[in-house]
Amino acid sequence: MQKQKTLASEFSLKGKGLHTGLNINVTFKPAQENHGYKIKRIDLEGQPVIDASAENVTNTQRGTVLSKGDVQVSTVEHALAALYAWGIDNCLIEVDAPEIPILDGSARFFSENIEKAGITEQNAPKDFYIVRHKIEVKDEKTGSSLIILPDDKFSINVLIEFDSPVLSNQYASLTSISEFPKEIASSRTFVFVREIEMLLQNNLIKGGDLDNAIVIYDKKMEQADMNRIADTLGLPHVNVKEFGYVNDKPLVFPNEPARHKLIDVIGDLALIGKPIKGHVIATRPGHKINNQLARLIRKDIKINDIQPPIYNIDANPVMDINRIRELLPHRYPFLLVDKIIEIGGDYIVGIKNVTVNEPFFQGHFPQEPVMPGVFLVESMAQTGGLLVLNSVDEPDRYSTYFMKIDGVKFRQKVVPGDTLIFRLQLLAPMRRGISTMKGYVFVGEKIVCEAEFMAQIIKNK
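Owing to the predicted nature of the structure, the values given are computational and were not obtained by experimental measurement.

Conventions we followed
- Residues numbered from 1 in each chain as written.
- Predicted model: local features only at pLDDT ≥ 70, side-chain atom pairs only at ≥ 80, totals over all residues.
- Heavy atoms only, no water.
- Buried < 20%, exposed > 50% of the residue type's maximum accessible area, 1.4 Å probe, protein only.
- Helix = DSSP H or I, 4+ residues; strand = E, 2+ residues; numbered from the N terminus.
- Pairing = 2+ DSSP bridges.
- Phe/Tyr/Trp six-rings, centres within 6.5 Å; stacked < 30°, edge-to-face > 60°.
- Lys NZ or Arg CZ within 6 Å of the ring centre and 35° of its normal.
- Axes fitted to C-alpha atoms, helices over the stretch in contact; angles between N-to-C directions.
- Contact = heavy atoms within 4.5 Å.
- 1 Å grid on protein atoms, 1.4 Å probe; cavity = no way out; pocket = protein on both sides within 12 Å on 5 of 7 lines; lining within 4 Å.
- Points joined across faces, edges and corners; volume = space filled by probe spheres on them.

Caption draft 1: Up close: the pairing of strand β15 (residues 169-174). Burial along β15 is one-sided: Gln170, Ala172 and Leu174 are buried, and none of Asn169, Tyr171 and Ser173, which face the opposite way, are. Bridging between strand β14 (residues 154-161) and β15 involves 6 bridges; their strand directions are antiparallel. For isoleucine 160, the partnering residue across the bridge sits in β15 and is glutamine 170.

See the structure below:
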């Protein structure tokens, strides 16, 4: 079972703000389990800490802006992308300005310093968002679209397209998140010369220069206009006669702009608060549509707060029926777990196939066979018993007895032909032979029953 991660030690970075041009200090600190990504303005006393969530995005014109009340922090996406790529779930980011420094316009410095600071595994299990069905957002005006599809890991494809003789179509992909530090992180943001005056008029790139962005010259402009833009940015005059990239520093990758868009997508999707198991296809992505997808995913998470485990019928069970019979004293017609497909330090996943031959269907009910709720609870209890027994030495010398059952809810009926998936999770470490756990029963992607249990493990006489 994968566990949550945080930084082993804190680190700080200093740099110029893209929008404000201010010199900014940002510090990344370890955080406790289930903390998530949070951002604190240390220059403002007594102000709320901002949760890095899609709902708190207020502006996406040139970078993602998070806010809570009157407190705002912008250009967060590069830092969040680096945290996400390194598998860090919990981090407190302290910044002394209304934005995170742009540095070289990429995620490289964030990624390199995370590696230097080190990563610590925590006790809480990593909570993935598992994509189970296609989710899509489109912008008919711009032709932008983002699609996320089921997959057993996180991967992403990005296609960018501009009406430009220099940067028309580019493609970038990330098949494994482990490739991010080497293949993606150093890709810088980019801007067209023809856009710069508009951006300056909107106070969006006061701190922009040739060291923190790829500058693209693709539309003829008078040298006097070029000089005026350079003066406004405090840059030396550059005589440009041919279309192309203005920077003296060469591209890191031939498709560096597309790879940078990939960074932006990852950073914006990090706002869902969970690592993703799914494949993203982004066509002409931008912060606005990225956030729209993140909000849809957050909505799906809230609707399906408890995601069903993935059941691969071809995988070998962790415990087959013979091993279950060795651990549990139950026998026909009361042994209600067929196999265990997954087990960790604090959770277990079991399976039962319901057939019309179950003896209780003879009387419940002859004309409409429905599995009694008490048997659903008993099935969960037996699965939870296997979790507890798995935590002790010589488990065949112990028995588990349930002391209390609370919060039982039945959401829909179970009928012959259903496959029940049980997921039991410890609510606290076992103490003095007593454990508490929360259990769910799924049929497909729907919860059919849930309950909380208290159990005691006793050594057999």
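Caption draft 2: Representation of the packing of aromatic side chains in the model. Scanning all chains against the criterion turns up 12 aromatic pairs. Summarising the aromatic geometry, the rings of phenylalanine 162 and phenylalanine 190 are spaced 5.7 Å apart at their centres and angled 90° between planes, so their arrangement reads as edge-to-face. Of this pair, phenylalanine 162 sits in the loop between β14 and β15 while phenylalanine 190 sits in strand β16 (residues 190-192); the two residues are 28 residues apart in sequence, bridging distant segments of the chain. Accessibility expressed as a relative area gives 7% for phenylalanine 190, which makes it buried. Across the ring face of phenylalanine 192, the terminal group of arginine 194 is positioned such that the distance to the ring centre comes to 4.2 Å. The ring centre of phenylalanine 253 lies 3.9 Å from the NZ or CZ of arginine 259, which sits over that ring.

Caption draft 3: Looking closely at the sheet that holds strand β24 (residues 434-443). Taken in spatial order, the 6 strands make up an open sheet running β20-β21-β23-β24-β25-β22, and their pairing is antiparallel. Looking at which strands have only one partner, the edges of the open sheet turn out to be β20 (339-343) and β22 (398-410). Across the sheet, the mean angle separating the axes of adjacent strands is 25° when strand polarity is ignored. Sheet topology places strand β21 (residues 347-353) next to strand β23 (residues 419-426); 7 bridges connect them, and they run antiparallel. Looking at the pairing, glycine 350 lines up with phenylalanine 422 of β23. In this fold helix α9 (residues 373-389) packs onto β20, β21, β22, β23, β24 and β25 (446-459), with an angle of close to 135° to the strand it touches most, β22.

Caption draft 4: Spatial organisation of the layout of surface pockets. One number sums up the size of the second largest pocket: a volume of about 930 Å³. As for the second largest pocket, its lining consists of 35 residues, of which Gln61, Arg62, Lys261, Pro285 and Gly286 are closest to the centre. Sorting the residues of the lining of the second largest pocket by element identifies α1 (77-85), β14, β16, α4 (193-201), α6 (256-269) and α7 (287-303) as the ones contributing at least two each.

Caption draft 5: Geometry of the sheet that holds strand β4 (residues 37-41). With respect to topology, 5 strands assemble into an open sheet ordered β2-β3-β9-β4-β5, the strand pairing being mixed. The strands lining the two open edges of the sheet, one partner per strand, are β2 (11-16) and β5 (50-51). Taken together, the 2 bridges between β4 and β5 define a ladder with antiparallel strand orientation. Across the sheet, the residue bridging to isoleucine 39 is isoleucine 50, located in β5. Running at roughly 165° to β2, helix α2 (residues 108-117) makes contact with β2 and β3 (23-30) of the sheet.

Caption draft 6: Looking closely at the environment of aspartate 248. Structurally, aspartate 248 can be placed in the loop between β18 (244-245) and α6. Classification of aspartate 248 by relative accessible area gives exposed; the value is 77%. Along the sequence, aspartate 248 and isoleucine 214 sit 34 residues apart, while their C-alpha atoms lie 9.8 Å from each other.

Caption draft 7: Quick peek at the side chain of asparagine 212. Considering the arrangement of structural elements, one finds asparagine 212 in the loop between α4 and β17 (214-217). Residues contacting asparagine 212, with those up to four places away along its chain left out, are Lys16, Ile102, Leu103, Asp104, Gly105, Thr189 and Gly207.

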